[in-house]
Amino acid sequence: MATFTPHYCEGRIPVAFVFSAPGNDEVIFGRPVAGTTGENLDKALVFLRELAPNFFPSSSRYDYRITNAFPDPRARSIGNGRTEPTRSEVLTNSNIQRFLKDIDGCSLVVLCGKKAGYLSLELEQKNILIVQAVHVGNKGLNGKFKLLSDLQELTPTDRRHQRTRLWAEQLLTDINCLCGTAC
């Protein structure tokens, strides 16, 4: 049985998804990516499992390592003035060491969003495949993946589903570009 905190899930598959910081939903449910972002990740994992089962053998987010660029919750609803950590908070030595411990044993790390991307330089010295992706939350998906006009007639749920598919396809394209046929 997996052990959860608002910022971390060890999972059983050595692939890590890294987000920015836990928010209100994560605090309430006591596990990472507990809200809409997690639902989007699950939808994307269905596609990833279909297209690349060697990397993504499960469609359940909690089978994977999940952590955050910063472990402390950030949400206005819980008294924080900001919803995201600053670059300097993410790049403190103690936070970097915590992060490296969180992803120890992973062979692929997917940095989801700008805040998670701050840690990419720390990972380059490791023998880990690193992919930077847009955040899989609705804001990230809507900003990155514009749908063709004929898809605008879909319901909001169907559009979200299409965007998660596009996110998954882009992630696989990026993985393939990094490792070619060696992976």
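In every chain, residue numbers begin from 1 and rise along the written sequence. The predicted nature of this model means local features are confined to residues of pLDDT at least 70 and side-chain atom pairs, given and counted, to a pLDDT of 80 or more, with totals for whole chains, interfaces and linings taken over all residues. Only heavy atoms go into the side-chain values, all of them from the structure, while hydrogens and water stay out.

### Concerning the overall build of the protein
Note the cut-off: Put simply, DSSP H or I for four residues or longer makes a helix, DSSP E for two residues or longer makes a strand, and each gets a number counted from the N terminus. Contacts are assigned to residue pairs with any non-hydrogen atoms lying within 4.5 Å of each other. The Shrake-Rupley method, run with a 1.4 Å probe sphere, supplies the accessible areas, and residue values consider only the shown protein chains as cover. For the purpose of charge, His is not counted, nor are the chain termini; Lys and Arg are scored as positive and Asp and Glu as negative. To locate a charge, take NZ of a lysine, CZ of an arginine, CG of an aspartate or CD of a glutamate.
For the protein, the helix and strand inventory stands at eight helices and six strands. N-terminal to C-terminal, the α/β element order of the protein is β-β-β-α-α-β-α-α-β-α-α-β-α-α. The principal-axis extents of the C-alpha atoms in the protein amount to approximately 50 × 45 × 35 Å. Across the protein, every contact between residues at least 6 apart in sequence was considered, and the portion connecting residues at least 24 apart equals 65%. Element-wise, carbon and sulfur atoms account for 49% of the exposed surface of the protein, whose accessible area totals about 9,400 Å². When the 22 basic and 19 acidic side-chain charges of the protein are each reduced to a single mean position, those positions are 4 Å apart.

### So, the pattern of salt bridges
Which entries qualify depends on this criterion: Each salt bridge in this description consists of a side-chain nitrogen of Lys or Arg and a carboxyl oxygen of Asp or Glu lying within 4 Å of one another. Each residue is placed in one exposure class: buried if its accessible area under a 1.4 Å probe, protein chains only, is under 20% of its type's maximum, exposed if it is over 50%, and partly exposed if it falls in between.
Counting across every chain of the model gives six salt bridges. Glutamate 39 serves as the salt-bridge partner of arginine 160, at 2.8 Å between the closest nitrogen and oxygen. Here the residue arginine 160 occupies a position in helix H8 (residues 156–179), and glutamate 39 occupies one in helix H2 (residues 36–51), the gap between them amounting to 121 residues. We note a salt bridge from arginine 165 to glutamate 169, for which the minimum N-O separation is 4.0 Å. Pair noted here: arginine 165 and glutamate 169 are both in helix H8, with a separation of four residues, about one helical turn. Using a relative accessible area of 28% as the deciding quantity, one classes arginine 165 as partly exposed. In this structure glutamate 169 comes out as partly exposed when scored by relative accessible area, which is 33%.

### Description of the nonpolar core
Convention followed: The nonpolar core is taken to be a set of buried Ala, Val, Leu, Ile, Met, Phe, Trp, Tyr and Cys residues, with the residues joined through side-chain atoms within 4.5 Å.
Among the nonpolar cores identified, the biggest contains 32 residues, and Phe17, Phe56, Leu108, Trp167, Leu171 and Ile175 are the most heavily contacted of them. At the level of elements, strand S3 (13–19), H2, strand S4 (64–68), strand S5 (108–112), strand S6 (129–133) and H8 are the ones that each hand at least two residues to this core. Broken down by element, this core gets its largest block of residues, six residues, from H8. Apart from residues no more than four positions distant in its own chain, leucine 108 is found in contact with Pro14, Val15, Ala16, Phe55, Phe56, Ile128, Leu129, Val131 and Ile175. Core analysis: the next-biggest nonpolar cluster, separate from the first, contains 19 residues, Phe70, Ile103, Cys106 and Leu111 among them.

### Considering the packing of H2 against H8
Counted only if it meets this: Only the stretch in contact is used when a helix axis is fitted, and all axes are lines through C-alpha atoms; the angle between N-to-C directions ranges over 0 to 180 degrees. Should an angle lie under 35 degrees it is considered roughly parallel, over 145 roughly antiparallel, and from 65 to 115 roughly perpendicular; all remaining angles are considered oblique. Each crossing is labelled by how the near helix is turned from the far one, with a counterclockwise turn of less than a right angle marking it left-handed and a clockwise turn marking it right-handed. Amino acids outside the nonpolar list (Ala, Val, Leu, Ile, Met, Phe, Trp, Tyr, Cys, Pro) and the charged list (Asp, Glu, Lys, Arg) are all regarded as polar, and Gly is one of them.
Two elements in contact, H2 and H8, have axes whose closest approach is 8 Å; the angle formed by their N-to-C orientations is 55°. In terms of orientation, H2 and H8 fall into the oblique class. Judged by the twist between their axes, the crossing of H2 over H8 is right-handed. On H8, the residues touching Thr36, Glu39, Asn40, Leu41, Lys43, Ala44, Phe47, Leu48 and Leu51 of H2 are Arg160, His161, Thr164, Arg165, Trp167, Ala168, Glu169, Leu171 and Leu172. Considering only residue class, the contact of H2 with H8 consists of nine nonpolar, four polar and five charged.

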